[in-house]
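# Remarks on the overall topology
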Amino acid sequence: GQQLNQSPQSMFIQEGEDVSMNCTSSSIFNTWLWYKQDPGEGPVLLIALYKAGELTSNGRLTAQFGITRKDSFLNISASIPSDVGIYFCAGQLSGAGNMLTFGGGTRLMVKP
Amino acid sequence: ETGVTQSPTHLIKTRGQQVTLRCSSQSGHNTVSWYQQALGQGPQFIFQYYREEENGRGNFPPRFSGLQFPNYSSELNVNALELDDSALYLCASSLAPLPGAQYFGPGTRLLVL
């Protein structure tokens, strides 16, 4: 099936640092979504991107829909302890309705 | 506005049994999708329901089946449970079966022994 390659798989950062993670694919996506999942809970939607080149912010989070429609990145500025969790990218393939294909996740761990 | 709810939160079954998981969609949402999330992995699409009919299916065997009711709530049924079915089962709702945001419930943790 389709795959999204998400990197890095995990990262430790110092509180206050900026974080960057990305997803790439060989397929073209209509939509890119970024979710955060805390232990024992469902994914929570952070940002949705609908157009190639689109750059969208949500507080300290910024995400971009790649020009080629095959990639997306998420940046977190000035990280804080509550940013800890697993971040997933998810895409909706062209012609596949709104079925989500997920990346493998980036586990973010913050040193206080 | 009520978000997506799922029941039960946890469930333990033995191999060969059958299980039914339930989901209530977010208010105003008519489309429900189900995902399976194994430990340490991203969710995998099982199937989607719209207008009480299956509207797309991932790479899961027929023993995974579902229903959607007139109030848009949905059930996921799994027959002949296998050990590998142990996972977090997530339900997500959306305004329509079109590209756009999906909102997830808290999930049901299924353990098959």
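What you see is a predicted model, and the numbers here were worked out from it, not measured in a lab. All residue numbers refer to position in the chain's written sequence, counted from 1. Labels are handed out in written order, letters beginning with A for the chains and numbers beginning with 1 for the ligands. The model is predicted, so local features are restricted to residues of pLDDT at least 70 and side-chain atom pairs to those at 80 or more, both for listing and for counting; the totals for chains, interfaces and linings are taken over all residues. With hydrogens and water set aside, each side-chain value is computed from the structure's full complement of heavy atoms.

## Focus: the overall build of chain A
Here is the rule we go by: Only DSSP runs of H or I reaching four residues or more are called helices, and only runs of E reaching two or more are called strands; each is numbered from the N terminus. We compute the radius of gyration over the C-alpha atoms and compare it with the globule rule, which gives 2.2 Å times the number of residues raised to the power 0.38. Here the term buried applies to any residue with accessible area under 20% of the maximum for its type, exposed to any over 50%, and partly exposed to those in between, with areas from a 1.4 Å probe on protein chains only. With residues, only the protein chains shown are counted as cover, and all accessible areas are computed by Shrake-Rupley using a 1.4 Å probe. Asp and Glu are treated as the negative residues and Lys and Arg as the positive ones, with His and the ends of the chain left uncounted. Lysine's charge is taken at NZ, arginine's at CZ, aspartate's at CG and glutamate's at CD.
For chain A, the helix and strand inventory stands at 0 helices and 11 strands. Listed N to C, the secondary structure of chain A is β-β-β-β-β-β-β-β-β-β-β in terms of helices and strands. Against the 2.2 N^0.38 benchmark of 13 Å for 112 residues, chain A shows a C-alpha radius of gyration of 13 Å, consistent with a compact globule. Counting every position in chain A, which comprises 112 residues, the buried fraction comes to 44%. With an accessible surface of roughly 5200 Å², chain A has 51% of that area assigned to carbon and sulfur atoms. Of the side chains in chain A, 7 bear a positive and 8 a negative charge, and the two mean positions are spaced by 8 Å.

## Focus on the interface of chain B and chain A
A common measure of how large an interface is: the accessible area buried when the components associate. The following threshold applies: Contacts: residue pairs with any heavy atoms within 4.5 Å of one another. Defined in terms of a 1.4 Å probe, buried area is the accessible area two parts forfeit on being brought together, summed over both. N or O atoms within 3.5 Å of each other form a polar contact, as long as, within protein, one can give a hydrogen and the other can take it, and as long as residues adjacent in sequence are counted only when both atoms are side-chain atoms. Polarity classes work like this: nonpolar for Ala, Val, Leu, Ile, Met, Phe, Trp, Tyr, Cys and Pro, charged for Asp, Glu, Lys and Arg, and polar for all others, with Gly in that last group.
Tallying the contact residues gives 22 residues for chain B and 20 residues for chain A. With both sides pooled, the region where chain B packs onto chain A buries about 1500 Å², and carbon together with sulfur makes up 56% of that total. In this structure, the connection of chain B to chain A is made through 9 residue pairs in polar contact (both at pLDDT 80 or more). For the side of chain B that touches chain A, the secondary structure elements donating two or more residues are strand E4 (31-37), strand E5 (44-50), strand E9 (87-94) and strand E10 (103-104) of chain B. The element contributing the most residues to the side of chain B that touches chain A is E9 of chain B, with 3 residues. Considering only residue class, the side of chain B that touches chain A consists of 13 nonpolar, 9 polar and no charged.

## Description of the sheet that holds strand E8 (residues 74-78) of chain B
Residue and element names in this part refer to chain B. How we decide: Two strands pair if DSSP finds at least two bridges between them. For every element, the axis is a line fit to its C-alpha atoms; helices are fit only across the contacting stretch, and the angle between N-to-C directions ranges from 0 to 180 degrees.
Taking strand neighbours across the sheet as the criterion, the 4 strands line up as E1-E3-E8-E7 in an open arrangement whose pairing is antiparallel. The open sheet is flanked by strand E1 (5-7) and strand E7 (64-68), the only strands paired with a single partner. For this sheet the average axis-to-axis angle between neighbouring strands, irrespective of direction, equals 20°.

## Description of the nonpolar core
Soluble, globular proteins show a tendency: their nonpolar side chains are buried together. Going by this rule: Put simply, buried Ala, Val, Leu, Ile, Met, Phe, Trp, Tyr and Cys residues joined by side-chain atoms within 4.5 Å make one nonpolar core.
Residues Trp-32, Trp-34, Leu-74 and Leu-108 of chain A are the most contacted members of the largest nonpolar core, which totals 22 residues. When contributions to this core are tallied by element, the ones reaching two or more residues are strand E2 (10-14), strand E3 (19-24), strand E4 (29-37), strand E5 (44-49), strand E7 (61-65), strand E8 (71-76), strand E9 (85-93) and strand E11 (106-111) of chain A. The next biggest cluster of nonpolar side chains, apart from the first, holds 19 residues, and it includes Val-32, Phe-47, Leu-81 and Tyr-89 of chain B.

## Describing the state of the cysteines
Each disulfide consists of one covalent bond between the sulfur atoms belonging to two cysteines. Stated precisely, the cut-off is as follows: Note that a disulfide, as used here, is simply two cysteine sulfur atoms within 2.5 Å.
Within this structure, the stated rule accounts for 2 disulfides over all chains. Residue pairing for Cys-23 of chain A: its cysteine sulfur links by disulfide to Cys-89 of chain A, the two sulfurs lying 1.6 Å apart. Around the S-S axis, the bridge from Cys-23 of chain A to Cys-89 of chain A shows a dihedral of about -80° and counts as left-handed. Of the two residues, Cys-23 of chain A sits in strand E3 while Cys-89 of chain A sits in strand E9, which places them 66 residues apart along the sequence. A residue is classified by how much of its surface remains accessible, and Cys-89 of chain A, at 0% relative accessible area, is buried. Paired by a disulfide, Cys-23 of chain B and Cys-91 of chain B hold their sulfur atoms 1.7 Å apart. Of note, the bridge from Cys-23 of chain B to Cys-91 of chain B carries an S-S torsion of about -50° and is left-handed in sense. With Cys-23 of chain B in strand E3 (residues 19-24) and Cys-91 of chain B in strand E9, this residue pair connects regions lying 68 residues apart in the sequence. Residues Cys-23 of chain B and Cys-91 of chain B agree in their burial class; the two are buried.

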